[in-house]
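Architecture and fold: a report
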Amino acid sequence: MPSWVLPLVVVGALAGAGWLFLADGGGSSGSGHRAAPSKASPKREQAEGELSVPEGDSADSGAQRRAAAGQGRIEGDDAADAPSDGTGTDADTDAETGAATASLPPVTASLAGRRIALAPASASTATGTAAGALRKVGALRLPCASARDAARLPIELALLDRVAVLLRRADATVVRVDDAAHAVPCVDVRVRVLESAELGVVLRADPGGGGRVFAARSDRGGKVPAPAGATSLATELGGALRLGGVDAATVPAVRTLLGRAGAVDRVGGGDTALLEVGIAADASPAALDAVALDIVRGLATAAAARS
């Protein structure tokens, strides 16, 4: 073969290889055919972390939408859990009167741990009780029924409620003679409840009067004077409320009043007094609170004297 033929063959081979390369788009598969484009599934993209973002959106805006949606759910949950106005809290009935926040004098420290009995003088006896039936209390025979008075009773109950609040604030134990319906037991039971306490007050309202205080009637009958403890309690209450006292042993009408109200002092029992308060039926809450505080001050002074 002539020497010039070999270079022509080499040039022709190179030219053919270049033409095939251009015709194949600049690349080829391992078999010499054109490689197909990759078509990975969305699941595979998620697995490989290659999530596509729709055109016109961005990862930041999507995150913002998700955050906004989450915040909306949180706010919605909070709104569902939050109580509506006027609900979700228990009304503190004691806070409706100044008795719940009134400043207690230092002497009320003597009431801590004391058992104090409170009774309205004008409440009716329990249903089914024979009002005129006589019950024996010591040497006395007293009518079962108390002297109910619809005009006096609301004042007595309003004052007793305030006194009870103050006594409990002073850490005293309060015993009410009347029940939830403000009925009271027969006189002999009332006397036992009062004598079970260290100090007892039977409260009688006198809207048109100036008020008085009486030591409890002795259960020994006749004209035997009240025990010294009851007299001392009446004196302290009278001093706190600036009231005068009446000797119940010498006034038949007062002895009758004390007996019907259950203000009877038994030998060895607690000290009891009947307190008659001259306060109007339309007295303001502040006026009632002031009287209640005076009553508690008198009880505290009497308790301190017993120590």
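Rules and cut-offs
- Residues numbered from 1 in each chain as written.
- Predicted model: local features only at pLDDT ≥ 70, side-chain atom pairs only at ≥ 80, totals over all residues.
- Heavy atoms only, no water.
- Disulfide = S-S within 2.5 Å.
- Helix = DSSP H or I, 4+ residues; strand = E, 2+ residues; numbered from the N terminus.
- Buried < 20%, exposed > 50% of the residue type's maximum accessible area, 1.4 Å probe, protein only.
- Pairing = 2+ DSSP bridges.
- Salt bridge = Lys/Arg side-chain N within 4 Å of Asp/Glu carboxyl O.

**Thoughts on the state of the cysteines**
- Taken as a whole, this structure holds one disulfide when the rule is applied.
- Through a disulfide, C144 is tied to C186; the S-S separation comes to 1.9 Å. Residue C144 is located in the loop between β3 (140-143) and α4 (153-169), and its partner C186 is located in the loop between β4 (173-176) and α5 (187-195); the two are separated by 42 residues in the primary sequence.
- By relative accessible area, C186 is classed as buried at 7%.

**A word on the pairing of strand β5 (residues 199-205)**
- With seven of seven residues buried, β5 is to be regarded as a mostly interior element.
- Residues L199, V201, L203 and A205 line one face of β5 and the alternating positions G200, V202 and R204 line the opposite face, and both faces are buried.
- Summarising the sheet, strand β1 (residues 115-120) and β5 pair through five bridges and their orientation is parallel. Each bridged residue has a counterpart across the sheet, and for A119 the counterpart in β5 is V202.

**Description of the pattern of salt bridges**
- Using the criterion set out here, one finds 15 salt bridges in the structure.
- Between D206 and R152 there is a salt bridge, with its nearest N and O atoms 3.7 Å apart. One end of the pair, D206, is in the loop between β5 and β6 (212-215); the other, R152, is in the loop between β3 and α4, with 54 residues separating them in the sequence. Just as D206 is buried, R152 falls in that class too.
- Between R212 and E276 there is a salt bridge, with its nearest N and O atoms 2.8 Å apart. Of this pair, R212 sits in strand β6 while E276 sits in strand β9 (residues 271-277), and the two are 64 residues apart along the sequence.
- According to the relative accessible area criterion, R212 is partly exposed, its value standing at 32%.

Take it as geometry only, folks, not as evidence of what the structure does.
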